[in-house]
Amino acid sequence: MISESAPDPEDPKPRKPSSGVLVLTVCSAAIGGTFQYGYNISIINSPTGHIQGFINATYIERRGSGLDAPRVTLLWTLIVSAFSLGGLTGALLAGPMAVRFGRKRSLLLNNSFLFLGAALALTSRAARSFEMIVLARFLAGVNSGVSMNVQPMYFGESAPKHLRGAVAFSSAVFTAFGIFLGQVVGLTELLGTDALWPHLLASNALPGMIQLLTLPWFPESPRYLLIDRGDERACVRPLARLRGGVAPVGEMEEMLQEQRQQKVTASKPGSAVTPWALFVDPDLRPQLRTVIELVSG
């Protein structure tokens, strides 16, 4: 049973119940998560003319003649759409990463895509290669695709029931804040100039660095530790930190019950849930229709 559901009576400085750790965890995860998504879709707008000019100038250096406007626009479209393609790739990677590495560690490892992309964007003009910008935007998209899936999972499993709605809403708030800040940083008075646009595209490394320095100090998802890893003792301490010093007995029992149910389900032949089951299982169709309608809207 639960061995750490109450504070140690011999602890001379027992912690007071507080949601401070949860708030800081949300901020640390979101600054390198959905904030990055909003920031990355915003910073590409202001340097449009500068990057198109760079594409044409690079092509002149290579071939001795410039590109006509439709071809420049085509290459620019490739740069912009690379972010969406990266997002799809990241979304496909998010599930396996979250299960193999955990929610928190997946968010931390996800920054490797971002830092590599930022380095490519920063050095693209010196290397006279617009292809590096395409790859940089693709890697930024992978980062956003992973974070947009893993971060809500991390929040939902870390927050108590009465705060899950507010914590989930914070993802949209950080996305909007990222869009706003990206527009501000992209002003011509800041980084939106012909000389500084590589720094603008690489500036997304700063929020990633903030997350890399802060998130390791906060707890992993208790549900991941208990249900995915099967480690009850490792689950109690993060849960206690997120709940202000005390791991709620009822919440632990609820997760243990879910763990037992999953073991029973997994022991049945043919019980493995696959993507195809969403379409062929009548019990899952209402949920599938609801998700499709919400996403389409």
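To keep things clear, this report deals only with the structure shown in the data block. For clarity, every value in this text was computed on a predicted model and none was experimentally measured.

## A short note on the packing of helix α4 (residues 69-101) against helix α6 (residues 131-158)
Turning to step 1, where the next piece is worked out: Where α4 meets α6, the closest approach of the two axes is 6 Å, and the angle between their N-to-C directions is 40 degrees. Viewed along their axes, α4 and α6 adopt a mutual orientation that is oblique. As for how α4 packs across α6, the hand of that crossing is right-handed.
Turning to step 2, where the next piece is worked out: Grouping the amino acids of the contact of α4 with α6 by side-chain chemistry returns 18 nonpolar, 8 polar and 1 charged.

## Side note on the packing of aromatic side chains
Each aromatic ring pair is described using two quantities: the centre-to-centre distance and the angle formed by the ring planes.
Turning to step 1, where the next piece is worked out: This model, assessed by the stated rule, comprises 5 aromatic pairs.
Turning to step 2, where the next piece is worked out: Each ring, one from Phe-35 and one from Phe-177, has its centre 5.5 Å from the other, and the planes form 45 degrees; the classification is tilted. Of this pair, Phe-35 sits in helix α2 (residues 34-43) while Phe-177 sits in helix α7 (residues 164-185), placing them 142 residues apart in sequence.
Turning to step 3, where the next piece is worked out: By relative accessible area, which is 39% here, Phe-177 ends up partly exposed.
Turning to step 4, where the next piece is worked out: Ring pairing ties together the aromatic residues Phe-35, Tyr-39 and Phe-177, which thus form one cluster.

Quick notes on the rules
- Residues numbered from 1 in each chain as written.
- Predicted model: local features only at pLDDT ≥ 70, side-chain atom pairs only at ≥ 80, totals over all residues.
- Heavy atoms only, no water.
- Axes fitted to C-alpha atoms, helices over the stretch in contact; angles between N-to-C directions.
- Helix = DSSP H or I, 4+ residues; strand = E, 2+ residues; numbered from the N terminus.
- Parallel < 35°, antiparallel > 145°, perpendicular 65-115°, else oblique.
- Left-handed = near helix turned anticlockwise from the far one by under 90°.
- Nonpolar A, V, L, I, M, F, W, Y, C, P; charged D, E, K, R; others polar.
- Phe/Tyr/Trp six-rings, centres within 6.5 Å; stacked < 30°, edge-to-face > 60°.
- Buried < 20%, exposed > 50% of the residue type's maximum accessible area, 1.4 Å probe, protein only.

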